[in-house]
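Single-letter residue listing:
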Amino acid sequence: MPGSTGGGGRRGGTMLPLLFFLAVAMLYPFAVGPDAPLLARTGGGVIWVAALLAAILPLDRLLAPDMEQGFFDQWALRGISEEMVVAVRVLAHWLSFGPPLMLATLPASALLGIDGETLRLVELGLLAGTPGLAAIGIIIAALTVSLRSGAALSGLLVIPLAVPLLIFGAGSLSTGGEGGLALAAAISLALVAAAPFAAGAAIRAAREG
């Protein structure tokens, strides 16, 4: 699909969320100090916040370059709908940061002193919640695709929309149950299902406007 391969710059950009995530995990213990119980108690929440911020980093490169280069017009001429393109982009965006962050959580948990059970809940939460974060990112990227200040605005819009995922995902760590994870997964599934239609309509309006 044209525009999906952006060369070394785009490949390098996909590393930014992972590097940012690991940087937060390494720096947080220095900020809190050598209080192992505190680190273990708050480490899971820090991982969730770091995952959200890492997902925000590449938003300005998800759709804007393809819009500027006219790829959406080309796809429309070939009968490829915006909804189909967005569905592919949601999957690609999740693959670029979701599984890598889940893998990076393993060394991060050691740095933060997270025990095995908490690590299991964190991993399940990320598996349930990161597709929703990817969907939110694509929707916001589509809504701001024609704005010059879209990158800054995207981050401001994503954070409040992602709060329910953080509440249920990170909240399950304090309750020790999986009810919050089920709710996070339900919200994530709804966002993934809605993203192609919401983002597709926004892109179509920007392209035709």
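What follows covers the overall build of the chain. Of the regular secondary structure elements, the chain holds eight helices and zero strands. Counted from the first residue to the last, the chain has its helices and strands arranged as α-α-α-α-α-α-α-α. The buried share of the chain, taken over its 209 residues, is 44%. For the chain, the computed accessible surface area is about 9,800 Å², with 71% contributed by carbon and sulfur atoms.

Attention shifts here to the pattern of salt bridges. Counted according to the given criterion, the structure contains six salt bridges. Between Glu-82 and Arg-207 there is a salt bridge; the shortest N-O distance is 2.8 Å. One end of the pair, Glu-82, is in helix α5 (residues 82–112); the other, Arg-207, is in helix α8 (residues 179–208), with 125 residues separating them in the sequence. Given a relative accessible area of 6%, Glu-82 falls into the buried group.

Tallying each qualifying case throughout the model produces two aromatic pairs. Ring centres 6.0 Å apart and planes at 25° place the aromatic pair Phe-71 and Trp-75 in the stacked group. With Phe-71 and Trp-75 both in helix α4 (residues 71–77) and four residues apart, the pair spans about one turn of that helix. Residue classification places Trp-75 among the buried positions, given a relative accessible area of 1%. For the pair Phe-72 and Trp-75, a centre-to-centre distance of 5.2 Å together with 90° between the ring planes defines the contact as edge-to-face. Taken together, the positions of Phe-72 and Trp-75, both in helix α4 and three residues apart, correspond to about one turn of that helix. Linked through ring pairs, Phe-71, Phe-72 and Trp-75 together constitute an aromatic cluster.

About the thresholds
Chains are numbered independently. Their residues run from 1 in the order of the written sequence. In keeping with the predicted nature of the model, local features appear solely for residues at pLDDT of at least 70, side-chain atom pairs appear and are counted solely at 80 or more, and the whole-chain, interface and lining totals rest on all residues. Hydrogens and waters are ignored; side-chain quantities use all the structure's heavy atoms. In this description a helix means any DSSP run of H or I spanning at least four residues, a strand means any run of E spanning at least two, and both kinds are numbered starting from the N terminus. Only protein chains enter the accessibility calculation, which uses a 1.4 Å probe. A residue is then buried if its area is under 20% of the maximum for its type, exposed if over 50%, and partly exposed in between. For every accessible area listed, the method is Shrake-Rupley and the probe measures 1.4 Å; residues are considered covered only by the protein chains on display. By definition here, a salt bridge exists when the distance from a side-chain nitrogen of Lys or Arg to a carboxyl oxygen of Asp or Glu is within 4 Å. Classification of ring pairs uses Phe, Tyr and Trp, with its six-membered ring standing for Trp, and accepts pairs whose centres are within 6.5 Å; under 30 degrees between planes counts as stacked, over 60 as edge-to-face, and the remaining range as tilted.

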